[in-house]
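Structure assessment
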Amino acid sequence: MEKLIKYTKGSGCARDLLLDNGFDDLIDFPLELFASGFGATIIHKPMINSDGRIIFGKKNTIIEINNNIPFEEKKRFTIAHEIGHLIMHKGIDIHNDNESTMSWFNNKEKQAKSGRVEYEANQFASELLMPSLIFQEKQKGIKFSPQLLRDLSSYFKTSLTSVAFKYLELGDHPICLFHSYNKTVKYWMRNIDFPHYITDYTKLQPPEDSVAMEFFEKGKIYNKEKSRQPIWKSTWLELKNWENDNDFNFYEFCIITPAYNSVISVIWEE
Ligand SMILES: [Zn+2]
C-alpha cells in the first residue's frame with residue numbers, strides 16, 4: 001500500500017510554490033532561472049568550508065554556491081536548500097551552509113532554532129527536487145538496492161543522501177539510516193514499517209563489524225558493484241535471544257563523504 005504523504009512546513013511550502021507557478025517538477029528547469037524569479041541571483045565560485053550561502057539584500061539577494069562541490073546533484077540540492085531559506089527565512093542576514101547544516105534532516109534536532117531552520121530548508125529542497133507524488137511513482141515495483149537509490153538520484157538530479165532520506169519516508173521497502181560523523185553515530189531514523197528494534201548507538205562508535213566502521217578504521221570504500229554489503233542482524237539491530245543471526249538477510253550500503261568524514265549507513269532486510 002502506498003504511504004500517506006505527510007507534508008511538513010518546508011515540504012508543503014515547496015509543493016505550493018511548484019503548484020502556484022505551474023510546475024510538476026524542476027527536473028529539466030534550471031534552478032538559477034527559478035531562483036531569479038524570486039529575486040535571487042546565483043553565483044558559482046570557489047568557497048572555503050562552505051557549500052553555499054545566502055546574502056539577503058534590500059533589493060536583490062545573492063546565493064553563492066561552491067563550484068568545487070564535486071557532484072552536480074549535490075550542487076542542485078544546495079541551491080534548492082538556499083532557495084528554501086530565500087522563500088521561508090527572509091531576514092536572517094547572511095547564512096552559511098556546509099555539511100553539518102545540510103545534514104539536519106533529523107526531526108529531533110529541530111528544537112534548536114538553527115536546527116529548525118535547516119530542517120525546514122532541507123524538507124523544502126527535498127520536495128522541490130523530488131515531488132513526493134512523482135517520487136512514489138518512480139520507485140514503485142522496483143526492488144530496493146543501492147542502484148535504485150543511484151537511479152533515483154540521477155533521475156531527480158539530486159544528492160544520493162537526499163534520495164536516501166526521501167526513500168526512508170516514502171519508499172515501498174522499509175529501511176533505516178544511521179548517520180555517523182568522525183567515528184560517532186549522530187542519529188538514526190527508520191521507516192515506520194521497519195519491523196525490527198534498533199540498538200541505539202547515538203553518541204557511540206558505530207558497531208565493530210559495520211561497513212561504516214570499516215571506513216573509519218581502514219578507509220575502506222566499496223565500489224558500485226560491491227556497495228551492497230551483507231551484515232548480521234545483530235550488527236545494527238537488536239537480536240532477540242530466541243533469534244539466530246543466520247536466519248536473516250541484512251545489508252548495509254554506505255554513502256560516504258570522505259572530505260567530511262561522514263557516513264550514512266542504509267540498512268535493510270531482503
Ligand atoms: Zn541552510
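Residues numbered from 1 in each chain as written. Predicted model: local features only at pLDDT ≥ 70, side-chain atom pairs only at ≥ 80, totals over all residues. Heavy atoms only, no water.

1. A look at the overall build of the protein
Across its full length, the protein holds 10 helices and 9 strands. A globule of 270 residues ought to have a C-alpha radius of gyration of about 18 Å, and the protein, at 19 Å, matches this closely. With the C-alpha coordinates aligned to their principal axes, the bounding extent of the protein is approximately 65 × 40 × 35 Å. Partitioning the intrachain contacts of the protein with sequence separation of at least 6 by distance along the chain shows that 55% fall at a separation of at least 24. Accessible area for the protein stands at about 13400 Å²; split by element, carbon and sulfur atoms hold 52% of it. If the 33 positive side-chain charges of the protein are averaged to one point and the 37 negative ones to another, these points end up 4 Å apart. (Helix = DSSP H or I, 4+ residues; strand = E, 2+ residues; numbered from the N terminus. Rg over C-alpha atoms; globule rule 2.2 N^0.38 Å. Contact = heavy atoms within 4.5 Å. Areas by Shrake-Rupley, 256 points an atom, 1.4 Å probe, with all protein chains shown as cover. Lys, Arg positive; Asp, Glu negative; His and termini not counted. Charge placed at Lys NZ, Arg CZ, Asp CG, Glu CD.)

2. Description of the sheet that holds strand β8 (residues 250–257)
Read across the open sheet, the 5 strands follow the order β6-β5-β9-β8-β7; overall the sheet is antiparallel. Since the sheet does not close on itself, it has two edges, and those belong to β6 (184–190) and β7 (229–231), each with one partner. Strand-to-strand twist in this sheet, taken as the mean axis angle between neighbours without regard to direction, amounts to 30°. Along the sheet face, helix α9 (residues 211–218) touches β5 (176–181), β7, β8 and β9 (262–269) and points at about 40° away from the line of β8. (Pairing = 2+ DSSP bridges. Axes fitted to C-alpha atoms, helices over the stretch in contact; angles between N-to-C directions.)

3. Comments concerning helix α6 (residues 132–139)
Residues S132, F135, Q136 and Q139 constitute the buried set of α6. For α6, the buried positions fall inside an angular range of 100° around the axis, keeping them on one side. Backbone geometry just downstream of α6 places G141 in the positive-phi region, at approximately 75°. (Buried < 20%, exposed > 50% of the residue type's maximum accessible area, 1.4 Å probe, protein only. Arc of directions from axis to C-beta.)

4. Let's talk about the layout of surface pockets
Space inside the largest pocket adds up to approximately 1100 Å³. Every residue lining the largest pocket is counted, 39 residues in all, and those nearest its centre are F71, L160, I255, I256 and T257. When contributions to the lining of the largest pocket are tallied by element, the ones reaching two or more residues are α3 (72–88), α4 (99–102), α7 (146–156), α8 (160–170), β8 and β9. Sorting elements by how many residues they give to the lining of the largest pocket places β8 first, with 5 residues. The residue inventory of the lining of the largest pocket, partitioned by class, reads 18 nonpolar, 15 polar and 6 charged. Two domains each donate at least three residues to the lining of the largest pocket, and these are domain 1 (9–133) and domain 2 (174–269). (1 Å grid on protein atoms, 1.4 Å probe; cavity = no way out; pocket = protein on both sides within 12 Å on 5 of 7 lines; lining within 4 Å. Points joined across faces, edges and corners; volume = space filled by probe spheres on them. Nonpolar A, V, L, I, M, F, W, Y, C, P; charged D, E, K, R; others polar. Domains from an automatic or database assignment.)

5. A closer look at the sheet that holds strand β2 (residues 52–55)
Strands sit in the order β1-β3-β2-β4 across an open sheet of 4 strands; the sheet is mixed. Both outer strands of the open sheet, β1 (40–45) and β4 (94–97), are each paired with one neighbouring strand and no more. Direction aside, the axes of adjacent strands within the sheet are offset by 15° on average. The pairing of β1 with strand β3 (residues 61–66) spans 6 bridges and is parallel. Of the residues in β3, the one forming a bridge with K45 is N66. Against the sheet, α3 contacts β1, β2, β3 and β4, and its axis sits at roughly 155° relative to β3.

6. Observations regarding the packing of aromatic side chains
A full pass over the atoms with the stated rule returns 12 aromatic pairs. An aromatic cluster is defined as three or more aromatic residues linked by ring pairs; in this entry it consists of F23, F29, F34 and F38. The ring centre of Y251 lies 4.0 Å from the NZ or CZ of R228, which sits over that ring. (Phe/Tyr/Trp six-rings, centres within 6.5 Å; stacked < 30°, edge-to-face > 60°. Lys NZ or Arg CZ within 6 Å of the ring centre and 35° of its normal.)

7. Here we look at the packing of α6 against α7
Running from amino to carboxyl end, α6 crosses α7 at an angle of 135°, the nearest separation of the two axes being 11 Å. Considered as vectors, α6 and α7 are oriented oblique to each other. At the point where α6 passes α7, the crossing takes the right-handed sense. Here I134, F135, K138 and Q139 of α6 lie close against α7, whose contacting residues are L152, Y155 and F156. Partitioned by chemical class, the residues of the contact of α6 with α7 number 5 nonpolar, 1 polar and 1 charged. (Parallel < 35°, antiparallel > 145°, perpendicular 65-115°, else oblique. Left-handed = near helix turned anticlockwise from the far one by under 90°.)

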